[in-house]
Amino acid sequence: MRAVLRTVDRVLLGLVGLVLVALGGSVLAIGLGASAPSWWLHDGPHDVLLSATERTRWRDAGWWWPAVIAVLAVLLLLALWWLVAVVRRRRLAEVLVDTGDGDGAVLRGRALEAVLAQEAERTDGVERAKVRLTGRRSAPASRIRLLLAPHVDPGTALDDLTAHALTHARVSANLTTLPAEVHLRGVRHGAERVG
């Protein structure tokens, strides 16, 4: 699914780029004195984009400006959605593992995330762990969220995570480094009664 989205994104970006380059180049060429083809919108470098007749043609129609504003709003929303989809940090689908024989193996990112989360949850005092791999296939990084029990020292939990879960994941995937951004949060609990 992700490969399809990446392909669609590249095709759409390429088409938009080609249209903009073609339009911009032709307007520049006509502005510099090249003759305009018979089908072109403008006749020469001194022609205006919209004539007075074209600008006032739909003035009396009550539907015209709401339709124009609606179309522009939809285009703006689509452009913003596209921008957010492109900029958003995506989950790493696979990790390249150097097997040492010149070839390589591919490890599913979700599998490594699941194993890393399970091992982090086995650490004393960790109630829940969520792991997300980011970065490149050859140089992954991890974002880990730990939910800690009330009695746990955060420094100890972080040391245990680094010494065990992160080290095992790095060694098993044959990575030189596995940077981690760790967010720690304590479990909410009521006040204890002293009796």
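Just so it is clear, the structure is predicted and the values come from calculations on it, not from any experiment. Residue numbers here run from 1 along each chain, matching the order of that chain's written sequence. Note on the predicted model: pLDDT of at least 70 is required for a residue's local features to be given, and 80 or more for side-chain atom pairs to be given and counted; whole-chain, interface and lining totals, by contrast, use all residues. Water and hydrogen atoms play no part in the side-chain values, which are based on all heavy atoms of the structure.

Moving on, we come to the pattern of salt bridges. A side-chain nitrogen of Lys or Arg and a carboxyl oxygen of Asp or Glu constitute a salt bridge if their distance falls within 4 Å. Summed over the entire model, instances satisfying the criterion amount to two salt bridges. Put simply, E94 and R137 hold a salt bridge, and the shortest N to O gap is 3.1 Å. With a gap of 43 residues between them, E94 in strand β1 (residues 94–98) and R137 in the loop between β3 (126–135) and β4 (140–148) connect regions that are remote in the sequence. Of the charged contacts, one joins E181 and R143 as a salt bridge, the two residues approaching to 3.8 Å between their closest N and O atoms. Helix numbers and strand numbers start at the N terminus; a helix is a DSSP run of H or I with at least 4 residues, a strand a run of E with at least 2.

On to the layout of surface pockets, then. Counted as a void, the second largest pocket has a volume near 200 Å³. Points on a 1 Å grid, built from protein atoms alone, make a cavity when a 1.4 Å probe fits but cannot get out and make a pocket when they are open with protein on both sides within 12 Å along at least 5 of 7 lines; residues with an atom within 4 Å of a point are the lining residues. Lining the second largest pocket we find L50, E54, R55, R57, W58, R59, W64, W65 and V68. The biggest single contributor to the lining of the second largest pocket is helix α3 (residues 64–87), with three residues. For this classification, the nonpolar set comprises Ala, Val, Leu, Ile, Met, Phe, Trp, Tyr, Cys and Pro, the charged set comprises Asp, Glu, Lys and Arg, and every other residue, Gly included, is treated as polar. For the lining of the second largest pocket, the residue count by class is five nonpolar, no polar and four charged. Grid points are joined across faces, edges and corners, and a volume is the space filled by probe spheres set on the points.

So, on to the sheet that holds β4. Whether parallel or antiparallel, the strands of a sheet pair through hydrogen bonds between backbone atoms. The strand order β3-β4-β5 describes an open sheet built from three strands, whose pairing is mixed. Sheet topology places β3 and β5 (180–186) at the edges, where each strand pairs with a single neighbour. Strand-to-strand twist across the sheet, computed as the mean angle between neighbouring axes with direction ignored, equals 15°. Any two strands with at least two DSSP-identified bridges between them are counted as paired. As paired elements, β4 and β5 share seven bridges and run parallel to each other. Opposite L147, over in β5, you have R185 as the bridge partner. Think of each axis as a best-fit line through the C-alpha atoms, taken over the contacting stretch in the case of a helix, with angles from 0 to 180 degrees between the N-to-C directions.

Another point: the side chain of E119. Mapping E119 onto the fold places it in helix α4 (residues 109–121). The classification of residues rests on relative accessible area computed with a 1.4 Å probe and restricted to protein chains. Under 20% of the type maximum is buried, over 50% is exposed, and intermediate values are partly exposed. Residues counted as positive are Lys and Arg, residues counted as negative are Asp and Glu, and His and the chain ends are not counted. In this structure E119 is buried but unpaired, with R122 as the nearest side chain of opposite charge at 4.4 Å. Pairs of residues are marked as contacts when any of their non-hydrogen atoms sit within 4.5 Å. The contact partners of E119, leaving out residues within four places of it in the chain, are H164, A165 and H168.

A pair of aromatic rings is counted whenever rings of Phe, Tyr or Trp (Trp by its six-membered ring) have centres within 6.5 Å, and the orientation is called stacked for planes under 30 degrees apart, edge-to-face for over 60 and tilted otherwise. Enumeration over the complete set of coordinates arrives at one aromatic pair. Between the aromatic rings of W63 and W64, the centroid separation amounts to 5.7 Å while the plane-to-plane angle is 85°, which identifies the pairing as edge-to-face.

Turning to its location among the elements, L116 is positioned in helix α4. For L116, a relative accessible area of 3% puts it in the buried group. Sequence spacing of L116 and L80 is 36 residues, and the spatial spacing of their C-alpha atoms is 34 Å. Dropping the residues within four chain positions of it, L116 is found in contact with V131, S142, I144, A165, L166 and A169.

It is the contact of α4 with helix α5 (residues 154–172), at a shortest axis distance of 9 Å, that shows an interaxial angle of 155°. In this view, α4 runs roughly antiparallel relative to α5, as classed from their interaxial angle. α4 and α5 meet at a crossing whose hand is right-handed. Contacts between α4 and α5 involve L112, L116, E119 and A120 from the former and L161, H164, A165, L166, H168 and A169 from the latter. Roughly parallel refers to an angle under 35 degrees, roughly antiparallel to one over 145, roughly perpendicular to one between 65 and 115, and oblique to any angle outside these ranges. For a crossing to be left-handed, the near helix must be turned anticlockwise from the far one by less than a right angle; the clockwise case is right-handed.

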